[in-house]
Amino acid sequence: MSHFHAPGTPVAVLTTQPLDRALDYRAPAGGIEDGAYVEVPLGPRKVLGVVWGKAAGDWPVEKLRPILRILPVPPMSDAFRDFTERAAAYTLTSLSAMLRLGLRAPGLGEAPGKRRVYALGTGEPDRATEARTRVIAALRERPGDVFALSELADMASVSTGVVKGLVKSGAVLEQDTPRDADYPTLDPDRAGKALAEDQMVAASALRASVRSDTYGTTLLKGVTGSGKTEVYLEAVAEALAGGLQALVLLPEIALTGEFLHRVEARFGARPAEWHSGVTQAERRRCWSKVATGQARLVVGARSSLFLPFQNLGLIVVDEEHDTSYKQEDGVLYSARDMAVLRASCEAAQVVLATATPSLESWANAELGKYKRLDLTSRFGEAVLPKLSTIDMRDEKVPGGRWISPTLKQAIEARIIAGEQSLIFLNRRGYAPVTLCRACGQQVACHQCDARMVEHRFQKRLMCHQCGETAPMPPACPSCGVEGKLAAVGPGVERMAEEVATLFPEARVAILSSDLFGSARSLKAKVEEIAQGGADIIVGTQLVAKGHNFPKLTLVGVIDADLGLQGSDLRAAERTFQLMRQVSGRAGRADKPGVALLQTYQPEHPVIRAILSGDEEAFLREEADQRRAAGVPPYGRMAGIVISDPDGAVAFDVGNALARNTQPLDQVGAEVFGPAPAPIARIRGRHRVRLLVKAPRQAPIQPALAEWVARITLPRSTRLSIDIDPQSFL
Ligand SMILES: [Zn+2]
Ligand SMILES: [Zn+2]
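A brief structural summary.

The rules behind each value
- Residues numbered from 1 in each chain as written.
- Chains lettered and ligands numbered in written order.
- Predicted model: local features only at pLDDT ≥ 70, side-chain atom pairs only at ≥ 80, totals over all residues.
- Heavy atoms only, no water.
- Phe/Tyr/Trp six-rings, centres within 6.5 Å; stacked < 30°, edge-to-face > 60°.
- Helix = DSSP H or I, 4+ residues; strand = E, 2+ residues; numbered from the N terminus.
- Buried < 20%, exposed > 50% of the residue type's maximum accessible area, 1.4 Å probe, protein only.
- Lys NZ or Arg CZ within 6 Å of the ring centre and 35° of its normal.
- Donors = N, O, S within 2.8 Å, 3.2 Å for Na, K, Ca; no water.
- Tetrahedral: all angles 85-135°; square planar, octahedral: opposite > 155°, others 65-115°.
- Salt bridge = Lys/Arg side-chain N within 4 Å of Asp/Glu carboxyl O.

### Looking at the packing of aromatic side chains
A complete count under the given rule lists six aromatic pairs for this structure. Judged by centre distance (6.4 Å) and plane angle (20°), the ring pair of Phe 80 and Phe 83 falls under stacked. Pair noted here: Phe 80 and Phe 83 are both in helix H1 (residues 78-91), with a separation of three residues, about one helical turn. The two residues Phe 80 and Phe 83 agree in class, both being buried. Grouping aromatic residues by their ring pairs yields a cluster made of Phe 80, Phe 83, Phe 306 and Tyr 333. The cationic tip of Arg 285 hangs over the ring face of Tyr 183; the distance from NZ or CZ to the ring centre is 3.9 Å. Residue placement shows Arg 627 over the ring face of Tyr 634; its charged tip is 4.5 Å from the ring centre.

### Describing the coordination of the zinc ion (ligand 1)
For the zinc ion (ligand 1), the full set of protein donor atoms is Cys 436 (SG), Cys 439 (SG), Cys 476 (SG) and Cys 479 (SG), at a range of 2.3 Å. Relative to the metal, the four donor atoms surrounding the zinc ion (ligand 1) lie at angles of 106 to 113°, and the coordination shape comes out tetrahedral. Along the chain, the residues donating to the zinc ion (ligand 1) fall in the pattern C-x2-C-x36-C-x2-C. With a relative accessible area of 1%, Cys 436 lands in the buried category. By relative accessible area, which is 31% here, Cys 439 ends up partly exposed.

### Focus on the pattern of salt bridges
For the structure on display, the rule yields 36 salt bridges. Glu 234 serves as the salt-bridge partner of Arg 207, at 2.9 Å between the closest nitrogen and oxygen. Of this pair, Arg 207 sits in helix H6 (residues 197-211) while Glu 234 sits in helix H7 (residues 228-241), and the two are 27 residues apart along the sequence. As a salt-bridge pair, Glu 616 and Arg 372 come within 2.7 Å of each other at their nearest N and O atoms. Note that Glu 616 is positioned in helix H17 (residues 615-629) and Arg 372 in strand S18 (residues 371-375), a separation of 244 residues in sequence.

### A word on unusual backbone geometry
Between Pro 632 and the following residue, Pro 633, the backbone shows a cis peptide bond with an omega angle of 0°. Position of Pro 633 relative to the elements: it lies in the loop between H17 and strand S30 (635-644). Put simply, Gly 673 and Pro 674 share a cis peptide bond, and its omega is 10°. Inspection of the secondary structure puts Pro 674 in strand S31 (residues 670-682). Non-glycine residue Ala 347 carries a positive phi angle of around 55°. Relative to the elements of secondary structure, Ala 347 occurs in the loop between helix H10 (335-346) and strand S17 (349-354). Phi is positive for Lys 459, which is not a glycine, with a value near 55°.

See below:
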């Protein structure tokens, strides 16, 4: 498949520029291979690209411009190019946008000499300004790391001149980047942890799959604490022993710290890391060492699926059900689905690890498309937490309070025993609603159809849709009356306040994504709590994601009904997963745990399913309902969002689409809408939604492409298509 192009012959080059096709260039002296990373002229500029096969040939060779330079990295593999094309077709994304995801190595096109980095020096600044102090503080927070100039300036919110100014005094060290160092060798033959019987069975099945050198996906299901990580690390060991590369995806970078320790314990060294928490220099090193095949194991966020692996043998998607695997900005893709696609292109294995499988993965295992391995016993002595509900209709809770007397007692008992409790509420901020007691109006975002949420720690109101923040106004924005704004309902910050009032002596820690400036500070907090640095943890869904707190024996869910109200097709599934995940935090090590769910609907089928713990019954029931409705995973869906500053324009486009459905009719797809999106305005743009539903086997992508291509969009209008949408906002 891969082809060598003789010098002077025409070749196609795909660039990262927003063009919808590859362009023809002339092969340089010495010829060039398919997949080579190159620099080519485009208009007056030089841009990066990849040799993408034979030229279209619609221009005479002598008129073509030559390829300027071949970058000193190994070419993109056939499998990776194949994946890029298939992923673009699947997500209805342009090939150039897809290639951009694969070229996210900082400074890839730069000559090595240009790569200066900056680190903490030993000198003192000759004159201390506030800006200079921020630079030093940023460097001190991450000792040992080196940064690109603009990266460091951004971190400290200063101009690059401030950083340069600190170099003279020696307070900041300027260095030329050393050649990227090799990653230490991982030793697959070191003895791992002793495995339990069911772990051994699962591990040897995964090892055999990796040895088979073919594509396959396995759902590895096991309750929290059953030792899934040890099992899939055996699959990683098999890949390493066989000379293959492996990738482990984690849903949350705060989890990487603990995971890196486990990799180090198993293989004697740390793997490569790829996520937003590592420096540009580290990311460049990771990209280039993955490209040469020297980096054998990468631990990363979803974007690591687009790294230039040479011989990928295994992808693990840990916590495969996690919603953060869905990229909701820019290129809309599900990392879980893309992992399966990439593995099928690379003849590699996928392991989907979870305690609570997504209905999609569960259904694929039922159909026999995926293999399935179950871990039944919890590792060591620990048993599953005992779950029960607290019927809030029977509890006497004063106004403005949310912790029931029953839950309060349970927390007290834990404090006396020297154990930790977790109070869980999946809502950021202090209070979801700020209401004026004079006029009855709620404070809303002026750009969005959304309420402003009070964040008391930051003393600001924040819009969770567009990120807009504003200071807490002294007077009501609607009627101007002062001193009448009141917080209504609980957010996680308000729960922390209530906990502090109820237990003034206790050490309280809050875990909410918006309270940590960096992944690093979150990681540090998580580690501090794990060491016993808090009696009571108050957290959002951030805590559900596999953090290991050995002293935690009680989980109290403030509002188990919260997720049940949505009209979202996955509302029941999400609530079930979240409650199971959160309860699973209690009682690992050697102490049994208890989970108490505060609810006003203890008879609700989802709440009952959570308590019974009969997950298979829940999934079967949920699957039956979805099958009857013809919705995913038993049907295909696509969400179309049309946005425009003018709501009428957006609706006109939506109506035009709804009237011209012929390409969709031909594949048996139905169109619903247009209707205002549940959040009808974000950042000043009005949003209109259409929903497309099709039978499972329908070739929906080409039909969608043809359908939207028939409409000419006004310049101000944006249209996005989300295949297999996960959220319906
Ligand atoms: Zn008012
Ligand atoms: Zn907003």
